[in-house]
Every structure is written in C-alpha cells, then in structure tokens.
Amino acid sequence: MREKNVILKNKVIFVTGAAGFIGSNLVKELLCEVQPVHIVGIDNMNDYYDVSIKEYRLRQIEKLVEEHPESTWKFVKGSIADKVLVDSLFEEYRPGVVVNLAAQAGVRYSITNPDVYIQSNLIGFYNILEACRHSYDNGQTGVEHLVYASSSSVYGTNKKVPYSTEDNVDNPVSLYAATKKSNELMAHAYSKLYNIPSTGLRFFTVYGPAGRPDMAYFGFTNKLRNNETIQIFNYGNCKRDFTYVDDIVEGVKRVMQAAPEKKVGEDGLPVPPYAVYNIGNSHPENLLEFVDILQQELIRAGVLPEDYDFEAHKKLVPMQPGDVPVTYADTTALEEDFGFRPSTSLRDGLRKFAEWYKEFYM
Ligand SMILES: NC(=O)c1ccc[n+]([C@@H]2O[C@H](COP(=O)([O-])OP(=O)(O)OC[C@H]3O[C@@H](n4cnc5c(N)ncnc54)[C@H](O)[C@@H]3O)[C@@H](O)[C@H]2O)c1
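Just so we're clear, the structure is a prediction, and the values are computed from it rather than from any experiment. (Residues numbered from 1 in each chain as written. Predicted model: local features only at pLDDT ≥ 70, side-chain atom pairs only at ≥ 80, totals over all residues. Heavy atoms only, no water.)

**Topic: a nonpolar patch on the surface**
Argument step 1. Taken together, the side chains of Tyr 235, Leu 288 and Leu 316 make up a nonpolar region of the molecular surface, amounting to roughly 260 Å² of accessible area.
Argument step 2. By secondary structure assignment, the location of Leu 288 is in helix H9 (residues 287-301). (Patch = residues over 30% accessible without salt bridge, like charges linked within 9 Å, V, L, I, M, F, W, Y side chains within 5 Å. Areas by Shrake-Rupley, 256 points an atom, 1.4 Å probe, with all protein chains shown as cover. Salt bridge = Lys/Arg side-chain N within 4 Å of Asp/Glu carboxyl O. Helix = DSSP H or I, 4+ residues; strand = E, 2+ residues; numbered from the N terminus.)

See below:
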C-alpha cells in the first residue's frame, strides 16, 4: 500500500473539466467527504455535447456547496489552453493538488476535429504543467500532487489482455489516444526536470447518471427512445471494460492522497516522482450483452415501454476507424497500492443511469 502523504482537508484543489462528467462527480465527492475543502473548478463549457447537462452538473454542485458552508467552491468559465488565465488562477489560489480532467474526449470526433485535441489536450496540459512548475518558485510549497486523466485508448489494438501499464503503448490508433500518451510523456519529463509528483490515470469506458451523451450507452438510449435504429459496431464482437463513475471517483480520490515520493538518484538528480495506473472494472462485457442489460433497465425505469420491439431497432455493422475490439484493465497495481478496485456491476450502474435518464428527460 502507498502511504497517504497528501492531506486534502483545508487544501485548495484545482479541478479542470469541473463541469464534465467525471470532474463534476469528483467535485461533489470532495465536497461531501472532505471538510473543509476549497475547490477551484475550470471548464470552458464547450458544446461538443449538450451544454445543458454541464449546467445541470454545476447546479448539483451548487446545491452541495449550500449544504457545506465550511467549504468553498469557485467556478471559472475558461480554457486551460489560455496560459494567461491558468497562470493567474494558480497565482491567485495557489492549489496544493491539481486534477486535470479537462480534455477533448472521444475517439471518432478526433478524426474530423483534430485542432481542438491539440488545443485542449496538448497545449492545455502543457499550461497546467508549466503552472505546476512555477508553483515552486521562490521556495513556495506549490503543487503537492498533479493527477491527470489518461485513457485506455493508449493501448490501441494491443493483443495482450488484460492491459497492463507495463505494456508497450507506442501504437495509438487515434489522435485522441496519441494526445493522452503524449500527456504521460510530458508529465514524465516535468516530473524528472522539476520534481513535480504526478500520477496519470488510464480510465476505462466510464458511464453513469448525467454521463456523456456522445458515449454508446447514452446515444443508444436516445435512439431507442426516438424509435431509431442503433448500430452495433464490429457486429457486436466488441468487449469493453465498463466502469461506473463512482468507482472512478473513489479511485481518483484515493490516488490524490498518495503522491509518488520525491527521491534523489545516484546522479544527485531527482528520480521522477511519476506513476501511471489503470482504473477499470477489469471485467470486460460483450457489447451485445451490454445492450441487452441496458434495454432491460430502460424498460424497468420506464424509459421504454414493456413491449418494446428491441430486435427491430438494432443493426449489426462493421468496425469504425479508430475503434478497438477490446478494452480490459489489469488493476493489480491499483489494488496493491490503494487497496481498491472498481466493483459496481453493469446492471447496478445501468440501473442508476436509466433512473436518472427518466427523471432528467421524461
Ligand atoms: N468518460 C470516459 O469513458 C473516459 C475514458 C478515458 C479517459 N477519459 C478522460 O477523462 C477526462 C474526463 O472525461 P469526461 O468523461 O468527464 O469528459 P467530459 O467531456 O464530460 O469532461 C471534460 C470537460 O472538460 C471541458 N473542457 C474541454 N476542453 C477544455 C479546455 N480547453 N479548457 C477547459 N475545459 C475544457 C469540457 O467542457 C468538459 O466539461 C478527460 O480527460 C477524458 O479524456 C474519460
């Protein structure tokens, strides 16, 4: 087990992508579990998907802030690609912990919209690294831990499963994956050069209430409800390690509190305080089984009628460019170092999603 060496209580925590799916859930968890805590969130509120969901998530956060007057929450609408803004926020709030979740997500969108991936995922991340580096200027304590989102997509079409952080990941099959692998490389260089403790987390297909409408489970639900046909790629021969958002947030929270230790190597220079972990369910599900459970839960929640003709609304189609046939996380290191592994079953997670969907849209 890794020792807890970062105290979240009373700390300023900078969360990027705070109105995003994972970011907003992390902010809510911190507000509930750490008292007092001071969170500064940034998000550019882009319209890659329905902005009203991002606004809804911010309202959920605001409600919790009212219940926890001892803590503070400052939301800034802006981009991490704006260096002047990022620097001024670090200067003003001096965060002790930084969690970088802001990114342009999505594999398919990176084929048609590469520019935004370079801006948010590369330039944005570089700005965060630079701000962390300068947080130590003039002998200041600065950032104790930088935690950032990587992705299972870095494994590309690797044949060996489960995917381990020991595996070679030099063959990305999308620009999105390439930006995430680049983040890990950039973080390594900054950890080595400036002794910034950093941990990258490779998330595996995260789902849950108020999730991302661009992801399959959400898109399928919208289509089925509108009587449209859903396309199941690779003729259903896809396996995904679906990870419930609460499990991801629990993992991030534990990781935030245990930064890789600063050590000096034989050459008198820092050994990079750097780590990368997988966070996934480690139990891949076949896409057809997944769709089957989703359909049952949508009926149970009243999103679809009891007699819904599901077979008439599904079409099996070939693989899409940039997609991978399987994702499967080896979470041994996460378990050993943090005593935790995601465990929410797909049925329980999809049930919560279906119930939320019913309440939000119907
Ligand atoms: N959800 C998943 O299955 C999954 C899997 C692997 C990795 N990830 C990574 O986890 C992180 C969070 O993902 P998510 O599912 O919550 O996605 P999300 O799109 O819901 O959240 C990202 C948030 O970042 C914001 N954002 C984008 N560019 C920005 C910029 N330049 N400046 C400020 N804000 C910006 C967006 O408006 C959005 O609210 C991302 O880095 C993503 O790549 C997610």
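**Remarks on H9**
Argument step 1. If you check H9, its first and last C-alpha atoms are 21 Å apart, about what 15 residues at 1.5 Å a residue would give, namely 21 Å.
Argument step 2. For H9, the full list of buried residues reads Leu 287, Phe 290, Val 291, Ile 293, Leu 294, Gln 295, Glu 297, Leu 298, Ile 299 and Ala 301.
Argument step 3. Buried residues belonging to H9 abut helix H7 (216-225), strand E8 (230-232), strand E14 (285-286) and helix H11 (346-361).
Argument step 4. Where H9 begins, the capping side chain belongs to Asn 286, and its oxygen is found 2.8 Å from the backbone nitrogen of Leu 288.
Argument step 5. At the exit of H9 stands Gly 302, carrying a positive phi of roughly 85°. (Expected span 1.5 Å × (residues − 1). Buried < 20%, exposed > 50% of the residue type's maximum accessible area, 1.4 Å probe, protein only. Contact = heavy atoms within 4.5 Å. Polar contact = N/O pair within 3.5 Å; in protein donor to acceptor, adjacent residues only side chain to side chain.)

**Here we look at the site of the ligand**
Argument step 1. The environment of the ligand is made up of 30 residues, and the closest members are Asp 43, Tyr 49, Tyr 176, Lys 180 and Val 206.
Argument step 2. Separating an oxygen atom of the ligand from a backbone N or O atom of Leu 101 is a distance of 3.1 Å.
Argument step 3. In the complex, 97% of the free accessible area of the ligand, which totals 820 Å², lies under the protein chains.
Argument step 4. Put simply, the parts of the chain that give the shell around the ligand at least two residues each are helix H1 (21-33), helix H2 (51-67), strand E5 (145-151) and helix H6 (175-194).
Argument step 5. The element best represented in the shell around the ligand is E5, accounting for three residues.
Argument step 6. Partitioning the shell around the ligand into residue classes produces 15 nonpolar, ten polar and five charged. (Near = heavy atom within 4 Å. Nonpolar A, V, L, I, M, F, W, Y, C, P; charged D, E, K, R; others polar.)

Purely geometric numbers; function is a separate question.
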